Amino acid sequence: MSQNFDAIIIGTGQAGPSLAARFSAAGMTVAIIERHKFGGTCVNTGCVPTKTMVASAYAAHVARRGAEYGFEVKGDVCVNMKRVKARKDEISGQSRRGVEEWLRGLKNCTVIQGHARFQSPRTVVVNDEVLEAGKIFINVGGRASVPAILGIHDVSFLTNSSMMDIDSLPEHLVIVGGGYVGLEFAQMYRRFGSEVTIIEMGPRLIGREDEDVSQAVREILEMEGVRIRLNAKCISLAKREGRISVGVDCEEGPPEIIGTHVLLAVGRTPNTSDLGLDRAGVVTNQRGYITVDDQLQTNVPGIWALGDCNGRGAFTHTSYNDYEIVADNLFNADHRRVSDRIQAYALYTDPPLGRCGMTDAEIRKSGRAALAVKYPMSKVSRAVEKGETQGFIKITVDAETKQIMGAAILGTGGDEVVHVLLDVMYAKAPYTVVQRAMHIHPTVSEYLPTVLSQLRPFA
Ligand SMILES: Cc1cc2nc3c(=O)[nH]c(=O)nc-3n(C[C@H](O)[C@H](O)[C@H](O)COP(=O)(O)OP(=O)(O)OC[C@H]3O[C@@H](n4cnc5c(N)ncnc54)[C@H](O)[C@@H]3O)c2cc1C
């Protein structure tokens, strides 16, 4: 016997719960299944806890700079990791409980805890119960990749998930991977007081960003004492007298780094291998991401994939936007598409990097005639007043249409300011709209009109 629903949702990440609420509001029956913690990665091991810890690290950093701002801290600034963790657990826990209570309070919504697996294109099995629906939505997210590094099974290593249980200060944290996740943990733990080394296989950090952005972020981290080893080939792990040796074959520097803890931050793997997708006939690509069309439907009619597991985005906002696209297509006959969205994200180092649209490399590849400007944060009065002048504002516009093609704002408030440009991009309006706007003083955004009046041909 199977239980019948109008919809089944697998996973309570950033798309599933809102979609469940939409079905509920429409008076339809929905079952939502979660095998671990309500709220998924963002709430439990991703955005929420890390940004909470970034805030603790920022406070410690500012306290150490007290003399610059005119106050004294008696003695050293010592971080109490138990209290940092307790604050993080409280905030993350509130979010998790909020998601669960919300779902359990929805009309016509059945919340099931357990691992879901397809039995057929219309049925899913959880805890030996068979559920059936004409519409099934997969929102299973991903987990930290664990690559087949030599010695990986001989040592204990950390991932973004197990980092959440740490309540003492690692003496020397070695981070394998110089991407977004690795850099956030690197700066945060350096500010907590750990020695930190980043090991990156590529020739630069955050390799998808423009070279000047990578270089500036590197300088910011190095200035705080984070050690960085690039071009690390043949990474290996081994136990060494109660510590962990990370072997590297770098062009410069010693061949091994001895740390007390190793964090693997080398990318994500979608949670799709244990879903029984073959029984439903749902196709994935070689890396396990579920193949979807522009409206997030899989190759099997009646099955959609939303969030990180479809490989079309790797952020909370892309997953939530997936929900909006699917819901508007189903409930409002509003034919929204993934290809309508503009790339946008932030790196939460301090100062943060706010990014939207194309990188310089992508613009060059496009062959389009462009105008560009780069403006140092040291000339932005709000940044000077705050004592946070690292970074720059970089904007590129199409020479013909005058529309903004891309921007990188590395600097105080960069994660917020970038939205001024992003919204103009969505409006398909020319940059002159921003250039002629009167912005509030003193803000970083007030400089955008000034910056945009200094556009030059893109080199
Ligand atoms: C350290 C870190 C920091 C991050 N910071 C940011 C940030 O600042 N901003 C940002 O936008 N993004 C950030 N991200 C990315 C963001 O967390 C993810 O993009 C987002 O959580 C993806 O959500 P999702 O909806 O795809 O699924 P997830 O949030 O991953 O949730 C999927 C859920 O499905 C459940 N599940 C899986 N398989 C099954 C199954 N078979 N049966 C039942 N349940 C199942 C899982 O238990 C999980 O709860 C960060 C990620 C990490 C790792």
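As a reminder, the structure under discussion sits directly above these lines.
Described in the following lines is the structure provided in the data block.

Structural notes on the packing of helix α3 (residues 47–64) against helix α6 (residues 180–192)
For the pair α3 and α6, the least separation of the axes is 8 Å and the interaxial angle reads 40 degrees. By the angle class used here, α3 and α6 are oblique. α3 and α6 meet at a crossing whose hand is left-handed. Across the interface between the two elements, T50, K51, M53, V54, S56, A57, Y58, A60, H61 and R64 of α3 pack against E184, F185, M188, Y189, R191 and F192 of α6. Of the residues in the contact of α3 with α6, the class split is 9 nonpolar, 3 polar and 4 charged.

As for unusual backbone geometry
The residue after D350, namely P351, is reached through a cis peptide bond having omega 0 degrees. Here P351 is to be found in the loop between β17 (344–347) and β18 (353–357). The peptide bond linking H441 to P442 adopts the cis configuration, its omega dihedral lying at -5 degrees. Relative to the elements of secondary structure, P442 occurs in the loop between α13 (432–435) and α14 (448–452). For N108, which is not a glycine, the phi torsion comes out positive at approximately 65 degrees. Structurally, N108 can be placed in the loop between α5 (81–104) and β3 (109–113). Judged by its relative accessible area of 35%, N108 is partly exposed.

Quick look at the site of the ligand
Neighbouring the ligand are 38 residues, the closest being E34, T41, K51, D308 and S319. With respect to the ligand, the backbone of R35 contributes an N or O atom lying 3.2 Å from a nitrogen atom. In this structure, K37 approaches the ligand through a main-chain N or O atom, which is 3.5 Å from an oxygen atom. Taking 1000 Å² as the accessible area of the ligand by itself, protein coverage stands at 94%.

As for the sheet that holds strand β9 (residues 195–199)
With parallel pairing, 4 strands are arranged side by side in an open sheet as β10-β9-β8-β14. Two strands bound the open sheet, and with one partner strand each, they are β10 (227–229) and β14 (261–264). Between one strand and the next, the sheet's axes are offset by a mean angle of 20 degrees, whatever the strand orientation. In the sheet, strand β8 (residues 172–176) pairs with β9 via 5 bridges, with the strands oriented parallel. Across the sheet, residue I175 finds its bridge partner in β9, namely I198. Contacts between α6 and the sheet are confined to β8, β9 and β14, with β9 contributing the most and set at about 165 degrees to the helix.

Thoughts on the packing of α3 against α5
For the pair α3 and α5, interaxial distance at closest approach is 9 Å and the crossing angle is 145 degrees. Handedness of the α3/α5 crossing: right-handed. Seen from α3, the contacting residues are V48, P49, T52, M53, A55 and S56; seen from α5, they are V84, R87, K88, I91, S92 and S95. Looking at the contact of α3 with α5 residue by residue, the class counts come to 6 nonpolar, 4 polar and 2 charged.

Side note on the packing of aromatic side chains
For the coordinates displayed, the defined rule picks out 8 aromatic pairs. Centre to centre, the rings of F23 and F331 are 5.0 Å apart; their planes meet at 75 degrees, and the pair counts as edge-to-face. Pair noted here: F23 is in helix α1 (residues 16–25) and F331 is in helix α9 (residues 316–331), with a separation of 308 residues, a long-range link. The exposure class of F23 is buried, given its relative accessible area of 1%. Ring geometry for Y189 versus F192: centroids 5.2 Å apart, planes at 85 degrees, classification edge-to-face. Of this pair, Y189 and F192 both sit in helix α6, 3 residues apart, which is roughly one turn of the helix. Taken as a pair, Y189 and F192 share a single burial class, namely buried. Among the aromatic residues, ring-to-ring pairing joins F23, F137, W304 and F331 into one connected group. For K374, the ring lying beneath its charged end belongs to F392, and the centroid distance is 4.3 Å. Sitting over the face of the ring of Y375, K379 holds its NZ or CZ atom 5.6 Å from the ring centroid.

Some remarks on the pattern of salt bridges
Per the counting criterion, the structure on display carries 26 salt bridges. In this structure, D212 engages K394 in a salt bridge whose closest nitrogen and oxygen atoms are separated by 2.9 Å. Placement of the pair is D212 in helix α7 (residues 211–223) and K394 in strand β20 (residues 392–398), with a sequence separation of 182 residues. Looking at D212, the relative accessible area reads 23%, which means it is partly exposed. A salt bridge links R341 to D322; the nearest nitrogen and oxygen atoms lie 2.8 Å apart. Placement of R341 in the loop between α9 and β17 and of D322 in helix α9 is noted, with a sequence separation of 19 residues between them. Each of the two residues, R341 as well as D322, counts as buried.

Considerations on the nonpolar core
Counting residues in each nonpolar core, the largest one holds 49 residues, and the members touching the most others are I10, L19, I33, F118, V124, F137 and I138. Beyond its immediate chain neighbours, meaning those up to four positions away, I33 contacts I8, I9, I10, G11, T12, I112, G114, A116, V124, V126 and L131. If you look at the next biggest cluster of nonpolar residues, it comprises 38 residues, including A57, M164, I228 and A408.

Re the sheet that holds β17
Strand pairing in a sheet relies on backbone hydrogen bonds, with the paired strands running either antiparallel or parallel. Strand order in this open sheet of 6 strands is β17-β18-β21-β20-β19-β22, and the pairing throughout is antiparallel. Only two strands of the sheet have a single partner each, and these edge strands are β17 and β22 (456–457). Both β20 and strand β21 (residues 404–410) contribute to a ladder of 6 bridges, which runs antiparallel. Note that in β21 the partner of I395 across the bridge is A407. With respect to the sheet, helix α12 (residues 414–426) is in contact with β17, β18, β20 and β21, its orientation differing from that of β21 by roughly 175 degrees.

Cut-off values and rules
- Residues numbered from 1 in each chain as written.
- Predicted model: local features only at pLDDT ≥ 70, side-chain atom pairs only at ≥ 80, totals over all residues.
- Heavy atoms only, no water.
- Axes fitted to C-alpha atoms, helices over the stretch in contact; angles between N-to-C directions.
- Helix = DSSP H or I, 4+ residues; strand = E, 2+ residues; numbered from the N terminus.
- Parallel < 35°, antiparallel > 145°, perpendicular 65-115°, else oblique.
- Left-handed = near helix turned anticlockwise from the far one by under 90°.
- Contact = heavy atoms within 4.5 Å.
- Nonpolar A, V, L, I, M, F, W, Y, C, P; charged D, E, K, R; others polar.
- Buried < 20%, exposed > 50% of the residue type's maximum accessible area, 1.4 Å probe, protein only.
- Near = heavy atom within 4 Å.
- Polar contact = N/O pair within 3.5 Å; in protein donor to acceptor, adjacent residues only side chain to side chain.
- Areas by Shrake-Rupley, 256 points an atom, 1.4 Å probe, with all protein chains shown as cover.
- Pairing = 2+ DSSP bridges.
- Phe/Tyr/Trp six-rings, centres within 6.5 Å; stacked < 30°, edge-to-face > 60°.
- Lys NZ or Arg CZ within 6 Å of the ring centre and 35° of its normal.
- Salt bridge = Lys/Arg side-chain N within 4 Å of Asp/Glu carboxyl O.
- Core = buried A, V, L, I, M, F, W, Y, C linked by side-chain atoms within 4.5 Å.

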